[in-house]
Amino acid sequence: MRETKECKVKYFVEDLEELRCVPGSDWVDLRAAEDVTLKAGEFRLIPLGVAIALPEGYEAHVVPRSSTFKNYGLLQANSMGVVDGSYRGDGDQWRWPAYATRDVSIPKNTRLCQFRIVENQPPLLFTRVERLEGPDRGGFGSTGK
């Protein structure tokens, strides 16, 4: 069994559902901290109502839930969000960069996105070489042909 890691969470909104891990899933849902109305083509950083002190040596990856586009027509503007472990201050509220493809209203506490934590990358050393030993796979976009 893996070691449990502590994440200290500050909630900015009293009636926001608290974060919880669901058995069988490595992802934790994040919710809109307020009612949000967007017009098609509009961008907004939607407040998620939490600031989290991640465990030392970890970062969070934030992505939309699988149903977010289907239900709300929202895209995450930067494809995937990365929350660095140093973003852990009392006022460092997490926000979700949403782009609306249609007019939409999102009620407070709606599950919009999800996150998981991953260990930071170790230090890397880049070494210039003339040739690589692996087989060529056919170039970009060639798998499955």
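Basis of the calculations
- In every chain, residue numbers begin from 1 and rise along the written sequence.
- In keeping with the model being predicted, local features are shown solely for residues with a pLDDT of at least 70 and side-chain atom pairs are shown and tallied solely at 80 or more, while totals for entire chains, interfaces and linings include all residues.
- Only hydrogens and water are set aside when side-chain values are computed; all heavy atoms of the structure are taken into account.
- The working definition used for a salt bridge is a side-chain nitrogen of Lys or Arg within 4 Å of a carboxyl oxygen of Asp or Glu.
- Relative accessibility decides the category of a residue: with a 1.4 Å probe and only protein chains considered, values under 20% of the type maximum give buried, values over 50% give exposed, and everything between is partly exposed.
- We count a stretch as a helix when DSSP gives it H or I for four or more residues in a row; a strand needs E for two or more, and each element gets its number in order from the N terminus.
- In what follows, a disulfide is any cysteine sulfur pair within 2.5 Å.
- Any two residues having at least one pair of non-hydrogen atoms within 4.5 Å are treated as being in contact.
- In this scheme Phe, Tyr and Trp rings, the latter by its six-membered ring, pair at centre separations within 6.5 Å, and the angle between planes marks the pair as stacked below 30 degrees, edge-to-face above 60, and tilted otherwise.

1. Points about the pattern of salt bridges
A full pass over the atoms with the stated rule returns nine salt bridges. In this structure, glutamate 3 and lysine 5 form a salt bridge, with 3.7 Å as the shortest nitrogen-oxygen distance. For glutamate 3, a relative accessible area of 62% translates into the label exposed. The salt bridge involving arginine 65 is made with aspartate 29; its shortest N-O contact spans 3.1 Å. Here the residue arginine 65 occupies a position in the loop between β6 (58–64) and α1 (68–72), and aspartate 29 occupies one in strand β2 (residues 28–31), the gap between them amounting to 36 residues. Accessibility expressed as a relative area gives 18% for arginine 65, which makes it buried.

2. Some words on the state of the cysteines
For the structure on display, the rule yields zero disulfides. Counting only cysteine sulfurs, cysteine 7 is the nearest neighbor of cysteine 21, a cysteine outside any disulfide, at a range of 7.9 Å. With a relative accessible area of 63%, cysteine 21 lands in the exposed category. Cysteine 113 forms no disulfide, and the closest cysteine sulfur to it belongs to cysteine 21, at a distance of 15 Å. Looking at cysteine 113, the relative accessible area reads 0%, which means it is buried.

3. Here we look at the environment of proline 64
With respect to the helices and strands, proline 64 occurs in strand β6. Classification of proline 64 as partly exposed rests on a relative accessible area of 26%. Remark: the alpha-carbon pair of proline 64 and glycine 138, spanning 74 residues in sequence, is separated by 32 Å. Each residue touching proline 64, except ones within four places of it in the same chain, is listed here: Gln76, Ser79, Trp96, Leu112, Cys113 and Gln114.

4. As for the packing of aromatic side chains
Per the counting criterion, the structure on display carries one aromatic pair. Taking 5.1 Å as the distance between ring centres and 75° as the angle between the ring planes, the aromatic pair formed by tryptophan 94 and phenylalanine 115 counts as edge-to-face. Here tryptophan 94, found in the loop between β8 (81–83) and β9 (95–100), pairs with phenylalanine 115, found in strand β11 (residues 111–119); they are 21 residues apart in sequence, far enough to count as distant. The class for phenylalanine 115 is buried, based on a relative accessible area of 5%.

In short, shape yes, function no, at least from these values alone.
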